Amino acid sequence: MPARELAEPYPHVTTDAPAVDAIRLLAEQNLPALLVLDTDGTPYAAVPGSQLVRQLVPEYVMEDPLLAAVIDERHAEEMTEALAGKTVAQWLPARTFKPPYVSPEAGTMQIAAAMARTHVPLVAVVERDGDRGRLLGVVSAAGLMRHLLAVGGQA
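Enquirer: An account of the sheet that holds strand β5 (residues 122-129) is requested, with residue identities and associated values reported.
Expert: Sheets are built from strands paired through backbone hydrogen bonds, the pairs being either parallel or antiparallel. An order of β4-β5-β6 is seen for the three strands of this open sheet, with the pairing classed as mixed. Each having just a single partner strand, β4 (101-102) and β6 (132-140) make up the two edges of the open sheet. Relative to β6, β5 runs antiparallel, the two sharing eight bridges. In the sheet register, Val125 faces β6, and the bridge partner there is Gly137.

Take a look at the structure:
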């Protein structure tokens, strides 16, 4: 089955969106990872939610976990205030995962191989038009497994 038919809608942000909007999207949509597109529509990053939470934790707390026990909600408010005025690109962790993407005609094995090779549970399906890309959707690990089970007669 081609990627075009397996692709499901997946919320995303662009690199120039406010960082606070990215957090809101992740929280309100209950997403496992944030999908970020660059301004030309090409996948830029797929960041697990846990790595985004890490961006909110001060380095001194990361170095001494005992400090986390004494930090209260007042400090949590300060962490989110630090996001004011930052774009998604400015806020993302330095070590982000470049999400794999495939053409709408890519087959199931191409999708599975891209997912396995990159260790990213989302493969974007992108239609190219010159230098621009258009996200058609995403094939998730769960969606790929559902399809494979159905094809194998196990669903």
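There's more to say after this.
Enquirer: Account for the sheet that holds strand β3 (residues 43-48), with residues named and values stated.
Expert: Taken together, three strands build an open sheet; the order of strands is β1-β2-β3 and the sheet is mixed. Of all the strands in the sheet, just β1 (13-14) and β3 have a single pairing partner and so form its edges. Bridging between strand β2 (residues 33-37) and β3 involves five bridges; their strand directions are antiparallel. Its bridge partner lying in β3, Leu34 is registered against Val47. In the packing of helix α2 (residues 19-29) onto the sheet, contacts are made with β1 and β2, and the angle to β2 comes to roughly 135°.

Enquirer: So what's going on with α2? Which residues, and what values?
Expert: Turning to α2, its buried residues are Ala19, Ala22, Leu25 and Leu26. Axial view of α2: buried residues confined to an arc of 120°, hence all on one face. Opposite its buried face, α2 presents the exposed residues Ala27 and Glu28, each directed more than 90 degrees away. The inward-facing, buried residues of α2 contact β1, β2, α3 (49-56) and α6 (88-91). Positive phi shows up at Asn30, right after α2, with a value of about 55°.

Enquirer: Report on the pairing of β5, specifying residues and quantitative values.
Expert: Inspection of the sheet shows β4 paired to β5 by two bridges, in the parallel sense. Pairing of Tyr101 across the sheet is with Ala124, part of β5. Counting the residues that bridge the hairpin from β5 to β6 gives two residues, and of these Gly130 lies at a positive phi of roughly 70°.

Enquirer: How would you sum up the nonpolar core? Please name residues and give values.
Expert: Membership of the largest hydrophobic core comes to 27 residues, with the highest contact counts inside it found for Val13 and Leu34. Those elements giving two or more residues to this core turn out to be α2, β2, β3, α6, β5 and β6. Take this core: its biggest share by element is five residues, from β2. Among all residues touching Leu34, those that are not within four sequence positions of it are Val13, Ala22, Leu25, Leu26, Ala45, Ala46, Val47 and Leu52. Counting 12 residues, the second largest nonpolar core, distinct from the first, contains Ala3, Val102, Ala106 and Val125.

Rules of the game
- Residues numbered from 1 in each chain as written.
- Predicted model: local features only at pLDDT ≥ 70, side-chain atom pairs only at ≥ 80, totals over all residues.
- Heavy atoms only, no water.
- Pairing = 2+ DSSP bridges.
- Helix = DSSP H or I, 4+ residues; strand = E, 2+ residues; numbered from the N terminus.
- Contact = heavy atoms within 4.5 Å.
- Axes fitted to C-alpha atoms, helices over the stretch in contact; angles between N-to-C directions.
- Buried < 20%, exposed > 50% of the residue type's maximum accessible area, 1.4 Å probe, protein only.
- Arc of directions from axis to C-beta.
- Core = buried A, V, L, I, M, F, W, Y, C linked by side-chain atoms within 4.5 Å.

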